[in-house]
Amino acid sequence: EETRAQLRDKWHILVEGENIVAPIKSFKEMKFPPPVLQALDEKGIKRPTPIQVQGIPVALEGRDMIGIAFTGSGKTVTFSLPLVMLALEEEMKLPVVGGEGPFGIILCPSRELARQTFEVVEYFCSYLQRGGYPELRCILCIGGEDKRTQFMPILQRGVHCIVATPGRLSDLLNSGKINLDVCRYICLDEGDRMLDLGFDEEVRSIMNHFKQQRQTLLFSATMPQKFQDFAKNVLVQPVIVNVGRAGA
Ligand code: ADP
Ligand code: MG
């Protein structure tokens, strides 16, 4: 039986932080609902990548985290799957009613990236629903073409997950169309790019709308000083997972 340290060494995973949960060796081990395992399998995702090996259990535990891993290393699944699991857990405890939700949001620096991430989140939700689990509703808020007619009906029924660009979500929050009263999870994808594009004010304004304790996750391929300073301000006792010494 390999120790945590041996598993991390094998995958070149560097971790920092207190009480870090053990890495996983397989998706099966995580006890995901069967439709999720099927969804992964059908996407050709058979074994977790290094960022998933350590990042998924950390995120599922509810910890704040920084995930650093190179492009193409599977970061999207690392933060999307824990969001879907959180939404499922909430929905099974107490079904969402109209005007309620989301439980979590993912922020992306561009519309295109938001669209791709939204597809991944919806993909897992659709497999769950087809597998007999409750419907989890997701909306994409990216401005321009996210015509209100597309997501107003969903907001009226209650929403579980939102994928957005910061400017657009911030507008919707400030105009009261969306609230974060029950929201517990926020992930920034491509955090370095997000800060370079000057989104920090909007991101902070979004965070100020939270009423519940917030689990915050920052993902990036690099960790420039600006990113580290931002992280220090918004994260609480984070776990840092750095794969392949990206950005070191
Ligand atoms: P990143 O955001 O880290 O640059 P992505 O999350 O966009 O990378 O993933 C890149 C590609 O790898 C996607 O097509 C995704 O479906 C695929 N992928 C993700 N996880 C795995 C895995 N464990 N095994 C095989 N392919 C994977
Ligand atoms: Mg990515």
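Residues numbered from 1 in each chain as written. Chains lettered and ligands numbered in written order. Predicted model: local features only at pLDDT ≥ 70, side-chain atom pairs only at ≥ 80, totals over all residues. Heavy atoms only, no water.

> So what's going on with the site of ligand 1? Which residues, and what values?
Around ligand 1, the structure places 13 residues, and the nearest of them are R47, Q52, G72, K75 and T76. Between ligand 1 and R47, the relevant distance is 2.7 Å, taken from a nitrogen atom to a main-chain nitrogen or oxygen of the residue. Here an oxygen atom of ligand 1 sits 2.5 Å away from a polar atom, N or O, in the main chain of G72. The class makeup of the residues in the shell around ligand 1 is 3 nonpolar, 8 polar and 2 charged. (Near = heavy atom within 4 Å. Polar contact = N/O pair within 3.5 Å; in protein donor to acceptor, adjacent residues only side chain to side chain. Nonpolar A, V, L, I, M, F, W, Y, C, P; charged D, E, K, R; others polar.)

> Just give me the short version of unusual backbone geometry, but keep the residues and values in it.
The step from G101 to P102 runs through a cis peptide bond, and the omega angle for that step is 10°. As for its placement among the helices and strands, P102 is situated in the loop between α4 (75-93) and β3 (104-107). With a phi close to 55°, K31 is a non-glycine residue in the positive phi region. Under the relative-accessibility criterion, K31 is labelled exposed at 73%. Here the phi dihedral of E190 falls at roughly 50°; this positive angle occurs in a residue that is not glycine. Examined against the element boundaries, E190 turns out to sit in the loop between β6 (185-188) and α8 (191-196). Note on E190: relative accessible area 24%, which makes it partly exposed. (Helix = DSSP H or I, 4+ residues; strand = E, 2+ residues; numbered from the N terminus. Buried < 20%, exposed > 50% of the residue type's maximum accessible area, 1.4 Å probe, protein only.)

> Help me get a handle on the environment of P166, residues and values and all.
Mapped onto the elements of the fold, P166 is located in helix α7 (residues 166-174). Residues P166 and Q228, spaced 62 residues apart in sequence, show a C-alpha to C-alpha distance of 19 Å. Sequence-distant contacts of P166, defined by excluding residues within four places in its chain, comprise L107, C108, M194, F199, E202, V203 and I206. (Contact = heavy atoms within 4.5 Å.)

> I'd like a description of the side chain of S110, backed by residues and values.
Tracing the backbone through its elements, the reader meets S110 in the loop between β3 and α5 (111-130). Given a relative accessible area of 19%, S110 falls into the buried group.

> Summarise the UniProt feature "short sequence motif: Q motif" (unreviewed entry) in the chain; cite the residues concerned and give the values.
UniProt's feature table lists "short sequence motif: Q motif" (unreviewed entry) at residues 25-53, given in the numbering used throughout. For residues 25-53, the end-to-end C-alpha separation is 7 Å, with 45% helix and 0% strand making up the annotated structure. (UniProt positions renumbered as here; feature names shortened; annotations may be inferred.)

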